[in-house]
Amino acid sequence: MILRIDDRLVHGQVITGWVKSLNLNNIIVANNKLIKDEYKISATKIAIPTGVDIEFLTIAKTAKALNENKWEKKQTIILVESPKDAYEILKRAPVFKTVNVGGLHLRNHRFQLTDNIAIDTEDEKYLLMIHNLGITLEGRALPTDEPYNVIEVLSEYMKKNYGINRNSKI
Amino acid sequence: MSKKVKILILSHGKLAQALTETAELIIGKNNDLHFINLTKEKSYESFKSEVENFVNNNIKFNIIIFLDMIGGTCYNVCCEIFKNKKNIKIFSGVNLPVLLETVMNKDYISFPELIMNIKKIGSESIVFVNERLDKCKTKK
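Draft legend 1. Examining the overall build of chain A more closely. Counting its secondary structure elements, chain A contains 6 helices and 9 strands. Relative to the 2.2 N^0.38 estimate, which gives 15 Å for 170 residues, the radius of gyration of chain A is 16 Å and therefore close to what a compact globule would have. Counting only C-alpha atoms, chain A reaches 50 × 30 × 30 Å along its principal axes. Among the 170 residues that make up chain A, the fraction classed as buried is 54%. Accessible surface computed for chain A: about 8,700 Å², of which carbon and sulfur atoms make up 48%.

Written as structure tokens, this is what we have:
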């Protein structure tokens, strides 16, 4: 089971890069806003490959289902749009050792950390909170990319740009 | 006389641009043919606003949007913008034969006919050449 942080949620990299190439058969979109958007849900549903299930759930319901092992028999990827939403799941359902940070795109107050990750101070805060739960944050857009440790890259970035010698634990 | 038809190709990377340029190589420059690339550097928001601008500037025309694939970011943007706009028709899985046929036919047949035509050509445009050749041989 994969938990992926990606602010585009369901898109080409996810459908082709992850679901098709790793033969996943279950997509969970965990997002509190999206569950009210019937149009967007339909548009997403018609776009996924046949044989793949998709569900749109709130953050709380996703955590509950994880604790109940609801997707035990399926090959599942859970998508969240932010480090905050990932943290909200992880603190309720401590079932992941690793979280994939797949895509956070540059906008407003975000700064570019790596090729596929741009974050603002709130994202940074929640990434560190996830890290402090003992979970590895693995950065990569696609399964074929070389994974890197997001917290290590973040610490180096802070040291280089702000002279902040931050331990990965804060 | 039905409204003029504008064509917009949206793709990941520079496929949309390459398709447009290739089509123009074959059938000549066409002012109704447009593309917007979603390159790695472009944000979701700026891509979306480019598409929105195109749609708003061509609101009095019929618009056909060709996408490279369903479910991708271009598709997601399109779905957001398309909502309630009756003059926009969206097709996913663009290829050169479909594009050429559409550009060549659009001024000569009605819009509903054009749409039916695209559906037909689209599903016929992937050809398993070996199979066709084998059929050809057995007929002899």
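Having seen the model, we can carry on.
Draft legend 2. Just helix H2 (residues 38-45) of chain A, in detail. Residues of H2(A) that are buried: A:Lys40, A:Ile41, A:Ala43 and A:Thr44. For H2(A), the buried positions fall inside an angular range of 165 degrees around the axis, keeping them on one side. Along its buried surface, H2(A) packs onto strand S3 (53-57) of chain A together with helix H3 (73-82) of chain B.

Draft legend 3. Inspection of the environment of A:Asn23 at higher detail. All names here are of chain A. Within the secondary structure, Asn23 sits in the loop between helix H1 (12-20) and strand S2 (26-30). Remark: the alpha-carbon pair of Asn23 and Asn67, spanning 44 residues in sequence, is separated by 24 Å. Apart from residues lying up to four places away in sequence, Asn23 is in contact with Trp18 and Gln75.

Draft legend 4. Expanded view of the packing of helix H2 (residues 44-57) of chain B against H3(B). Residues and elements named next belong to chain B. It is at 10 Å that the axes of H2 and H3 come closest, and there the two elements cross at 50 degrees. The orientation of H2 relative to H3 falls into the category oblique. Crossing handedness for the pair H2 and H3: right-handed. Mapping the contact onto sequence places Tyr44, Phe47, Lys48, Val51, Glu52 and Val55 in H2 and Thr73, Cys74, Asn76, Val77, Glu80 and Ile81 in H3. Class assignment of the residues belonging to the contact of H2 with H3 gives a composition of 7 nonpolar, 2 polar and 3 charged.

Draft legend 5. Focus on the packing of aromatic side chains. If you walk through the whole model with that rule in mind, you get 3 aromatic pairs over all chains. Consider the rings of A:Tyr87 and A:Tyr126, whose centres lie 5.7 Å apart with planes at 50 degrees: the pair is tilted. Here the residue A:Tyr87 occupies a position in helix H4 (residues 83-92), and A:Tyr126 occupies one in helix H5 (residues 121-131), the gap between them amounting to 39 residues. Under the relative-accessibility criterion, A:Tyr126 is labelled buried at 10%. Ring centres 4.8 Å apart and planes at 15 degrees place the aromatic pair A:Phe111 and A:Tyr157 in the stacked group. Here A:Phe111 is found in strand S6 (residues 111-112), whereas its partner A:Tyr157 is found in helix H6 (residues 150-162), with 46 residues between them in sequence. Looking at B:Lys6, its charged tip hangs above the ring of B:Phe61, at a distance of 5.1 Å from the centre.

Draft legend 6. Structural view of unusual backbone geometry. Residue and element names in this part refer to chain A. Here Asn69, not a glycine, exhibits a phi torsion of approximately 55 degrees, which is positive. Turning to its location among the elements, Asn69 is positioned in the loop between helix H3 (59-67) and strand S4 (76-80). The backbone of Asn108 sits at a positive phi, close to 35 degrees, despite the residue not being glycine. For Asn108, a relative accessible area of 74% translates into the label exposed.

Draft legend 7. Broad picture of the pairing of strand S2 (residues 33-38) of chain B. Residues and elements named next belong to chain B. In terms of strand pairing, strand S1 (residues 5-12) meets S2 through 6 bridges, oriented parallel. If you follow Leu10 over to S2, its bridge partner there is Ile36. Once you follow S1 into helix H1 (residues 15-27) and on to S2, the crossover reads as right-handed.

Draft legend 8. Structural detail: the pairing of strand S3 (residues 62-67) of chain B. Residue and element names in this part refer to chain B. Burial analysis of S3 places 6 of its 6 residues in the buried class, the great majority of the element. Burial of the side chains of S3 extends over both faces: Asn62, Ile64 and Phe66 are buried on one face and Ile63, Ile65 and Leu67 on the other. The pairing of S3 with strand S4 (residues 88-92) spans 5 bridges and is classified as parallel. The residue of S4 that forms the bridge with Ile63 is Ile88. Handedness of the crossover joining S3 and S4 through H3 is recorded here as right-handed.

Draft legend 9. Here's a closer look at the interface of chain B and chain A. Every contact between the two is made by 16 residues of chain B and, on the other side, 15 residues of chain A. When chain B packs against chain A, close to 1,200 Å² is buried across both sides, 50% of that on carbon and sulfur atoms. Interface area lost by chain B to chain A is led by B:Tyr75, B:Asn76 and B:Lys83, which between them contribute 29%. For the pair chain B and chain A, the interface holds 1 salt bridge. We note a salt bridge from B:Lys40 to A:Asp115, for which the minimum N-O separation is 2.8 Å. Our count for the chain B to chain A interface comes out at 4 residue pairs in polar contact (both at pLDDT 80 or more). Those elements that provide at least two residues to the side of chain B that touches chain A are H2 and H3 of chain B. Here the side of chain B that touches chain A gets 5 residues from one element, more than from any other, and that element is H3(B). When the residues that make up the side of chain B that touches chain A are grouped by side-chain class, the tally is 7 nonpolar, 5 polar and 4 charged.

About the criteria used
Residues numbered from 1 in each chain as written. Chains lettered and ligands numbered in written order. Predicted model: local features only at pLDDT ≥ 70, side-chain atom pairs only at ≥ 80, totals over all residues. Heavy atoms only, no water. Helix = DSSP H or I, 4+ residues; strand = E, 2+ residues; numbered from the N terminus. Rg over C-alpha atoms; globule rule 2.2 N^0.38 Å. Buried < 20%, exposed > 50% of the residue type's maximum accessible area, 1.4 Å probe, protein only. Areas by Shrake-Rupley, 256 points an atom, 1.4 Å probe, with all protein chains shown as cover. Arc of directions from axis to C-beta. Contact = heavy atoms within 4.5 Å. Axes fitted to C-alpha atoms, helices over the stretch in contact; angles between N-to-C directions. Parallel < 35°, antiparallel > 145°, perpendicular 65-115°, else oblique. Left-handed = near helix turned anticlockwise from the far one by under 90°. Nonpolar A, V, L, I, M, F, W, Y, C, P; charged D, E, K, R; others polar. Phe/Tyr/Trp six-rings, centres within 6.5 Å; stacked < 30°, edge-to-face > 60°. Lys NZ or Arg CZ within 6 Å of the ring centre and 35° of its normal. Pairing = 2+ DSSP bridges. Right-handed = clockwise from strand over helix to strand, strands pointing away. Buried area = accessible area lost by both parts, 1.4 Å probe. Salt bridge = Lys/Arg side-chain N within 4 Å of Asp/Glu carboxyl O. Polar contact = N/O pair within 3.5 Å; in protein donor to acceptor, adjacent residues only side chain to side chain.

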